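The residues making up each chain are set out below.
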Amino acid sequence: MKTDNRSAVLTSEDNPSNSEEVKVLATSARSQEGGFAIGSRVLFGSVMIGALVFVVGAWAARAELTGAIIAPGSVVVEKNVKKVQHRDGGIVSEIHVKNGDHVKAGQVMVVLDDTQIKSELAVVRGQLTELTARKARLDAEVEGRERITFPEGFLQSSSQAKVVADGERRLFDDGKQNTQSQKQRNRSDSVRPNQIDNACRAHH
């Protein structure tokens, strides 16, 4: 384009009558050159902006941002009243707090009367003791042992265990005697037919 401009200038000097036409051509050439330069710059800028937006978007999608906002505040129960109750219920025997006291997690506020719970526990333990002693007796009878073998520490677990164990021993002894008596009767019944057969043979 510069070469064309120079040619246009030389032509205008050689031929003054065409000076106006040469100036118009030179101006048009400069405008076209400037237009191409601006267009390339706009395209380059658009590409850079698009790339920047893509990079920032990808970083924002993958980056983990950590932060915190610290502000003063307080947490209160609605109307400053909290209903406290036991899951299973019971009779309250002691109260260790009063209205308006601040309590901590794990702090004992009330104590329930454990009379009923202890009585129920005693009943369950008694049933467990009886079933344990009965199982020991039945095992001894099935295995044909001469005496009952109770679990280790059973007789020392409670006074009731000794009483229950004595009762199971008596049942075991009675059962053993009945078994022996039944065996003797069975033997006697088996001997009598043999004696009758022998007597019949002797008679003939």
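Note that the coordinates shown come from a computational prediction; the quantities given were computed from them, not determined experimentally. Starting from 1, residues in each chain are numbered consecutively following that chain's sequence as written. pLDDT decides what is reported in this predicted model: residues at 70 or higher carry local features, side-chain atom pairs at 80 or more are listed and counted, and totals for whole chains, interfaces and linings draw on all residues regardless. Neither water nor hydrogens contribute to the side-chain values; these are computed over all heavy atoms in the structure.

### A look at the overall build of the protein
Check the secondary structure of the protein and you find 4 helices and 2 strands. Per the convention used, a helix needs a DSSP run of H or I reaching at least four residues, while a strand needs a run of E reaching at least two, with both numbered from the N terminus. When the helices and strands of the protein are listed from N to C terminus, the series reads α-α-β-β-α-α. Relative to its full complement of 204 residues, the protein shows a buried share of 10%. Two residues form a contact once any of their heavy atoms are found within 4.5 Å. In the protein, of all internal contacts separated by at least 6 residues, the share reaching a separation of at least 24 is 35%. For every accessible area listed, the method is Shrake-Rupley and the probe measures 1.4 Å; residues are considered covered only by the protein chains on display. As displayed, the protein has an accessible area near 18100 Å², and 57% of this comes from carbon and sulfur atoms. Only protein chains enter the area calculation, which uses a 1.4 Å probe; residues under 20% of their type maximum are buried, those over 50% are exposed, and those in between are partly exposed.

### Details of the nonpolar core
Among soluble globular proteins, nonpolar side chains are generally buried collectively. By convention a nonpolar core is built from buried Ala, Val, Leu, Ile, Met, Phe, Trp, Tyr and Cys residues, the set being connected through side-chain atoms within 4.5 Å. Residues A133, A136, A140, I148, F150, F154, A161, V164, A165 and F172 constitute the largest nonpolar core, which totals 10 residues. Those elements giving two or more residues to this core turn out to be α3 (115-143) and α4 (159-203). Residue contributions to this core peak at 4 residues, all from α4. Not counting the four nearest positions on each side in its chain, A161 is found in contact with T129, F154 and L155.

### Details of the environment of T149
Among the structural elements, T149 can be located in the loop between α3 and α4. Spatially, the C-alpha atom of T149 lies 6.3 Å from that of A136, the residues being 13 residues apart in sequence.

### Some details on the side chain of T129
On the secondary structure map, T129 appears in helix α3. Residue T129 is classed as buried on the basis of its relative accessible area of 10%. Residues contacting T129, with those up to four places away along its chain left out, are F154, Q160, A161 and V164.

### Regarding the packing of aromatic side chains
Stacked, tilted and edge-to-face are the three classes assigned to paired rings of Phe, Tyr and Trp, where Trp is represented by its six-membered ring and a pair needs centres within 6.5 Å; plane angles under 30 degrees give stacked, over 60 edge-to-face, the rest tilted. By the definition in use, this model includes 1 aromatic pair. Here the aromatic rings of F150 and F154 are separated by 5.6 Å at their centres, their planes lie at 15 degrees, and the arrangement is stacked. A residue is classified by how much of its surface remains accessible, and F154, at 7% relative accessible area, is buried.

### Points about a nonpolar patch on the surface
Judged by side-chain polarity, V92, I95 and V110 come together as a nonpolar surface patch covering roughly 270 Å² of accessible area. Mapped onto the elements of the fold, V92 is located in strand β1 (residues 92-95). By relative accessible area, V92 is classed as partly exposed at 45%. The residues that make up patches have over 30% relative accessible area and no salt bridge, and they are joined within 9 Å when like-charged or within 5 Å when they are Val, Leu, Ile, Met, Phe, Trp or Tyr. Definition used for salt bridges: Asp or Glu carboxyl oxygen within 4 Å of a side-chain nitrogen of Lys or Arg.

### Describing the pattern of salt bridges
Scanning the model with the defined rule gives 8 salt bridges in all. Across the salt bridge formed by K98 and D101, the nearest N and O atoms sit 3.4 Å from each other. For R137, the salt bridge identified is with E141, shortest N-O distance 3.1 Å. You can see R137 and its partner E141 sitting in helix α3, 4 residues apart, about one turn around the helix. Judged by its relative accessible area of 13%, R137 falls in the buried class. Relative accessible area serves as the criterion here: at 37%, E141 is assigned to the partly exposed category.

### What about the confidence of the model for the protein?
Residue-level confidence of the predictor is what pLDDT reports, using numbers from 0 through 100. Per-chain confidence: the protein averages 75 in pLDDT, with 67% of residues scoring 70 or above. Predicted confidence in the protein is weakest over helix α1 (residues 2-14), with a mean pLDDT of 43, and strongest over α3, with 91. The low-confidence segment residues 1-17 (pLDDT under 50) makes 11 contacts with residues lying over four places distant or belonging to another chain.

### Quick look at α3
Between its first and last C-alpha, α3 extends 43 Å over 29 residues, near the 42 Å set by a 1.5 Å rise per residue. Of the residues making up α3, those classed as buried are G126, T129, A133, A136, R137 and A140. Of the residues trailing α3, G144 is marked for its positive phi of about 70 degrees. By this rule the span expected of a helix is its residue count minus one, scaled by 1.5 Å.

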